[in-house]
Amino acid sequence: MSKLKVSNPATGELIQELNINTNEEIKTAIDHAGTAFDSWKKVDAFERARLLKKWSELILENKLDIAKTITLENGKPLKEALGEVAYATDYIEWYAEEAKRIYGRTIPANQNAKRIVVNKQPIGVVAAITPWNFPAAMMTRKAAPALAAGCTFIVKPAAETPLTMIRLVQLAHEAGIPEHAVQVVVGHGREIGDIFTNSKIIRKITFTGSTPVGKTLIKNSADTVKSVTMELGGHAPLIIAEDADIDLAVKQTVASKFRNAGQTCVCANRIIVHVNILDEFSEKLSKEVKKLKIGNGLDDDTDVGPIINKTGYEKIVEQLEDAVNKNAEILAGNENMANYEQGSYFVQPTVIKNATLDMAIMHEETFGPIAPIISFKELDKAIEIANDTPFGLAAYFFTQDYSTGIRLYEQLDFGIVGWNDGAPSAAHAPFGGMKESGLGREGGVEGIEPYLETKYLSIGNV
Ligand code: NAP
């Protein structure tokens, strides 16, 4: 039987070997999810809510262990992992409540003898594929609304981080959610993705990951006309207007850029700063960035953990070298520590000035702790640079001026916008991207809709 090796990205040490599910086992899991759907959809909304709340309580009771597992397999500092566990349970609690608010409506008919009633019903069996950067939260923000809606749920975690997910699913069962209503399968993305998309039992695919894989899943879902929700890549601009509170902008830029070693889809990837405050902002940002300590996430003083793997590391280093070759000035960082033999990769938080639009880092998602700064004179130019990307997930801007703020909010083509705020994500708000950053939203009242079908009843001869 093939094995999946899960390693600690900070040390390269093997944490655990898991059996990879065979294709037959995965198909059986899908069959079970199909059978379980018939009974789970009939569990009333208040009971579904109660079970979801119980699940959330159990996760919080075990939060330190779960956070340690996240740190071990993903590398992020333990304090961030604890934050992720809280964020993950926020989704469960929010959707436990939303289960009770799946409302239908009545519509006045155009004939006296008719009545029109509209109801919502669960879409069916949902299959999810998730990334390694938030092993807990990317699962619960899909599983919680799916289960709340009355769907059954089967998830494939990223190869790097299956252990967190396996623990979450165990706790869901301990909470009383039926074994086949929520299941996890372990294996390789491409193969499991093909089984999911080819299945006639699965009615919805929900995916968080890279844009190329998302496009493949959309194409492969066409044959069975599955509903899809896609949370894909980003390339967030962060604009700092001339009148911005610079200290606030520095603090929030650090929060947005360096969390999870810069490996988040909403990380600021292009820092676009008004030319008159360029020097002051760059100096202050560099000073703060130099204080960030890289290391093993289990060490108390670590601010920035390792890069997840060699591929991720090499992409970051390539972008950095390309920028330096094109005359970028390094203000902080640029010490890369790869131990190829051991399998651990660290990138020192880095600030580069004099970024130009011909650099790869200004067009590609970096997924690493590099902050490139480019300057602008006119706000229209900043907006043009910001929107010049096929991505449209998150954007940030800093200004104290209302009309500048409203103008930026309205003209930036991004699904999530932070105004003087580098951390806008919240379970109660719709998260998702425009353009090639995705389809649909997760979180908030919007986040349960993709798991529901609208059904209309016309009653005649009343
Ligand atoms: P990835 O390579 O797309 O992998 C994500 C998941 O897709 C993994 O479980 C992976 O499985 C699976 N996968 C890979 N190839 C597949 C295929 N051909 N068919 C079906 N599934 C396949 O992305 P990643 O590098 O892990 O994650 C980083 C990306 O996720 C970034 O682009 C980031 O912006 C995006 N992201 C987006 C959001 C959002 O909400 N918009 C949030 C977080 C991350 P294996 O591990 O087995 O290969």
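Notes on the structure in this doc start here. (Residues numbered from 1 in each chain as written. Predicted model: local features only at pLDDT ≥ 70, side-chain atom pairs only at ≥ 80, totals over all residues. Heavy atoms only, no water.)

1. Some words on the sheet that holds strand E22 (residues 452-459)
Whenever strands of a sheet pair, they do so through backbone hydrogen bonds, lying parallel or antiparallel. Spatial ordering of the open sheet is given by E3-E4-E22, a layout of three strands whose pairing is antiparallel. Each edge of the open sheet carries a strand with a single partner, namely strand E3 (105-107) and E22. This sheet shows a mean twist of 25° between the axes of neighbouring strands, independent of strand direction. Sheet topology note: the E3/strand E4 (residues 115-122) ladder contains three bridges and is antiparallel. Pairing of arginine 105 across the sheet is with valine 118, part of E4. (Pairing = 2+ DSSP bridges. Helix = DSSP H or I, 4+ residues; strand = E, 2+ residues; numbered from the N terminus. Axes fitted to C-alpha atoms, helices over the stretch in contact; angles between N-to-C directions.)

2. Observations regarding the side chain of serine 282
With respect to the helices, strands and loops of the structure, serine 282 is situated in helix H10 (residues 278-290). Its relative accessible area of 1% is what places serine 282 among the buried residues. Among the polar contacts made by the side chain of serine 282, one reaches the main-chain carbonyl oxygen of leucine 278 at a distance of 2.6 Å. In this view, serine 282 contacts Leu331, Lys353 and Ile373; residues no more than four positions away in its chain are not counted. (Buried < 20%, exposed > 50% of the residue type's maximum accessible area, 1.4 Å probe, protein only. Polar contact = N/O pair within 3.5 Å; in protein donor to acceptor, adjacent residues only side chain to side chain. Contact = heavy atoms within 4.5 Å.)

3. Some points on the pairing of strand E11 (residues 268-274)
With seven of its seven residues buried, E11 lies for the most part within the structure. Running through helix H9 (residues 246-258), the crossover from strand E10 (residues 236-240) to the neighbouring parallel element E11 is right-handed. Pairing of E11 with strand E16 (residues 370-376), which is carried by four bridges, proceeds in the parallel orientation. Bridge pairing links isoleucine 272 to isoleucine 374 in E16. (Right-handed = clockwise from strand over helix to strand, strands pointing away.)

4. Considerations on the packing of helix H7 (residues 189-198) against helix H8 (residues 211-221)
Running from N to C, H7 and H8 point in directions that differ by 30°, and their axes come no closer than 9 Å. The pairing of H7 with H8 is recorded here as roughly parallel in orientation. Between H7 and H8 the crossing geometry is right-handed. The segment H7 lies against H8, with Gly193, Asp194 and Thr197 engaging Leu217, Asn220 and Ser221. (Parallel < 35°, antiparallel > 145°, perpendicular 65-115°, else oblique. Left-handed = near helix turned anticlockwise from the far one by under 90°.)

5. With respect to a nonpolar patch on the surface
On the surface, a nonpolar cluster with roughly 260 Å² of combined accessible area is contributed by Leu457, Ile459 and Val462. Topologically, valine 462 is positioned in the segment after E22. (Patch = residues over 30% accessible without salt bridge, like charges linked within 9 Å, V, L, I, M, F, W, Y side chains within 5 Å. Areas by Shrake-Rupley, 256 points an atom, 1.4 Å probe, with all protein chains shown as cover. Salt bridge = Lys/Arg side-chain N within 4 Å of Asp/Glu carboxyl O.)

6. Observations regarding unusual backbone geometry
Of note in this structure, asparagine 260 is not a glycine but carries a positive phi near 55°. Positionally, asparagine 260 belongs in the loop between H9 and E11.

7. A few points about helix H5 (residues 137-149)
Across its 13 residues, H5 extends 18 Å between first and last C-alpha, which sits within 8% of the 18 Å expected from 1.5 Å per residue. Where burial is concerned, most of H5 is hidden: 13 out of the 13 residues are buried. At the C-terminal side of H5, glycine 150 shows a positive phi close to 105°. (Expected span 1.5 Å × (residues − 1).)

8. A short note on the site of the ligand
Taken together, 32 residues surround the ligand, and among them Thr130, Arg141, Ser210, Leu232 and Glu365 come closest. Here an oxygen atom of the ligand and a backbone polar atom of glycine 189 are 2.9 Å apart. Here glutamate 365 contributes a side-chain N or O atom positioned 2.4 Å from an oxygen atom of the ligand. Computed on the free molecule, the ligand has an accessible area of 900 Å², of which 85% lies beneath the protein chains in the complex. Sorting the residues of the shell around the ligand by element identifies H5, H7, strand E8 (202-208) and H8 as the ones contributing at least two each. Per-element tally for the shell around the ligand: the top contributor is H7, with three residues. Partitioned by chemical class, the residues of the shell around the ligand number 15 nonpolar, 11 polar and six charged. (Near = heavy atom within 4 Å. Nonpolar A, V, L, I, M, F, W, Y, C, P; charged D, E, K, R; others polar.)

9. Description of empty space enclosed by the protein
Take a probe with the size of a water molecule and roll it over the atoms, and the empty space left behind shows itself. Under the defined criterion, the tally for this structure stands at one cavity of 30 Å³ or more. Put simply, the largest cavity is a space of about 40 Å³. What lines the largest cavity is Gly234, His235, Ala236, Gly262, Thr264, Cys265, Cys267, Asn269, Glu365 and Phe367. Here the lining of the largest cavity is composed, by residue class, of four nonpolar, five polar and one charged. (1 Å grid on protein atoms, 1.4 Å probe; cavity = no way out; pocket = protein on both sides within 12 Å on 5 of 7 lines; lining within 4 Å. Points joined across faces, edges and corners; volume = space filled by probe spheres on them.)

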